[in-house]
Amino acid sequence: TSMKNPNVKGLIAAPFTPMKENGDLNLSVLNDYVDLLVKQGVYNVYVNGTTGEGLSINKEERKLAAEKWIQAGKGKLRCIIVQVGTCNLSDTKDLAKHAASAGADVIATLPPFFFVPKTLDVLVDYLAEVANQIADVPLMYYHIPEMTGVNLDMEKLIQMAEKRIPNFGGIKFSSEFGRCCAKYGDQLALCYGKDEQVAAAYMLGCKAAVGSTYNYCGILNNKIYNACMNGDYNAAGKLQNKVAQFIGVLIDHEMAGLDVAVNKALMTKVTGLEMGPARLPLGAVSKKSMEIIIEDLKKIDFF
Ligand SMILES: CC(=O)N[C@@H]([C@@H](O)[C@H](O)[C@H](O)CO)[C@@H](O)CC(=O)C(=O)O
């Protein structure tokens, strides 16, 4: 194949970007953050994605966060993926070049999401330009239609990328998955991105998953991963239901989806590592709502 499989396996945490109370980045905690992931058996990260508020921090901050993750992860983490998507090709190329030269193992990008690519042809044109900037570092596509509104066929994207992007490395999915896994599971990193149903993806042949809850529930999620790799889907299903139940509690308190501010507050509560608030428009969670969430989590024995 002409593609470039980064061979990433297991859990990939989508790390939060730690912030001070005033909203400035607080990257001094990243050494401790890396140790905390390693203790849970989580050896890979997906920096500046949705959970990392990559689109809410500015370009300089994104570069700093990427550099610090790469420094802090040296010799401890296995695969550092840096997400560089923006709404304009020039910023995305600049971020991609920066992350690759800083030592990222994989570059991932969202499609532009204001003027969106309407066809696979233009999406592949766009990705080819980004891939061109990073020599032989694998480029991964960040497929998350619920956020971007870009919902093109991923199996066809791979077919086209195979011809035009020699360093195409895979896809991070938050949508249709089975056809891609069946056909390309051995050749690319096809990373699943819905923590509440990831066991089903492992059953389809998925070998790696990106998730926000792997930051603080790595041990439980590694049990699910290992059970699936050993074919023990019964046990995996039971553990998966636990994860789905706790994510359900978090989502019940939000209008739509799992809010990063709530997720950051829970990370702080569970691990003791201070994540701070989220950037506006998410902002901080009130003490009151956090108390209610924690009460509800106690009822299901989360802690
Ligand atoms: C939309 C979203 O934030 N999805 C999360 C999930 O981990 C998600 O928080 C979890 O499945 C709960 O719904 C990850 O896929 C995030 C992710 O890949 C990223 O932060 O870039």
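Residues numbered from 1 in each chain as written. Predicted model: local features only at pLDDT ≥ 70, side-chain atom pairs only at ≥ 80, totals over all residues.

(A) Looking closely at the UniProt feature "binding site: pyruvate" (unreviewed entry) in the protein chain. Using the residue numbers shown here, the UniProt feature "binding site: pyruvate" (unreviewed entry) corresponds to T51 and V210. Taken along the chain, the residues just named run across 160 residues; in space they keep tight, none of their C-alpha pairs more than 10.3 Å apart. Looking at the element boundaries, T51 is found in the loop between β2 (44-47) and α2 (59-73). When near neighbours in sequence (up to four residues on either side) are disregarded, T51 contacts A14, P15, F16, S212, V260 and N263. Looking at the secondary structure, you find V210 in strand β8 (residues 208-211). Ignoring sequence-local partners within four residues, the contact set of V210 consists of I12, A14, Y46, K172, C191 and G193. (UniProt positions renumbered as here; feature names shortened; annotations may be inferred. Helix = DSSP H or I, 4+ residues; strand = E, 2+ residues; numbered from the N terminus. Contact = placed C-beta atoms within 7 Å.)

(B) Structural detail: the sheet that holds strand β6 (residues 168-173). Taken together, 8 strands build a closed barrel; the order of strands is β1-β2-β3-β4-β5-β6-β7-β8 and the barrel is parallel. Taken over all neighbouring pairs, the strand axes of this sheet differ in orientation by 25 degrees on average, direction set aside. In the sheet, strand β5 (residues 139-143) pairs with β6 via 5 bridges, with the strands oriented parallel. Among the inter-strand pairings, Y142 is bridged to a residue of β6, identified as K172. (Pairing = 2+ DSSP bridges. Axes fitted to C-alpha atoms, helices over the stretch in contact; angles between N-to-C directions.)

(C) Highlighting the UniProt feature "active site" (unreviewed entry) in the protein chain. In the UniProt entry, the feature "active site" (unreviewed entry) is given for Y142 and K172. Spanning 31 residues, the annotated positions come together in the fold, the maximum distance between their C-alpha atoms being 5.0 Å. For Y142, the position within the fold is in strand β5. As for its placement among the helices and strands, K172 is situated in strand β6. On the neighbour-count criterion, K172 (27 C-beta atoms within 10 Å) is buried. (Buried ≥ 20, exposed ≤ 12 C-beta atoms within 10 Å, placed from the backbone.)

(D) The packing of helix α10 (residues 233-252) against helix α12 (residues 287-299), seen in detail. Running from N to C, α10 and α12 cross one another at 155 degrees; their axes reach a closest spacing of 10 Å. Overall, the two elements α10 and α12 adopt an arrangement that is roughly antiparallel. Considering the relative orientation of α10 and α12, their crossing is right-handed. When α10 is examined against α12, the residues F246, V249 and L250 are found in contact with a partner set consisting of I293, D296 and L297. Residues that form the contact of α10 with α12 fall into these classes: 5 nonpolar, no polar and 1 charged. (Parallel < 35°, antiparallel > 145°, perpendicular 65-115°, else oblique. Left-handed = near helix turned anticlockwise from the far one by under 90°. Nonpolar A, V, L, I, M, F, W, Y, C, P; charged D, E, K, R; others polar.)

(E) Representation of the pairing of strand β7 (residues 189-192) in the model. Of the two faces of β7, the one lined by A189 and C191 and the one lined by L190 and Y192 are each fully buried. Here 4 bridges tie β6 to β7, and the two strands are oriented parallel to one another. The residue bridging K172 from the neighbouring strand is C191, located in β7. Pairing between β7 and β8: 2 bridges, direction parallel. In the strand pairing of β8, Y192 is matched with A209. Handedness of the β7-helix α8 (residues 198-203)-β8 crossover: right-handed. (Right-handed = clockwise from strand over helix to strand, strands pointing away.)

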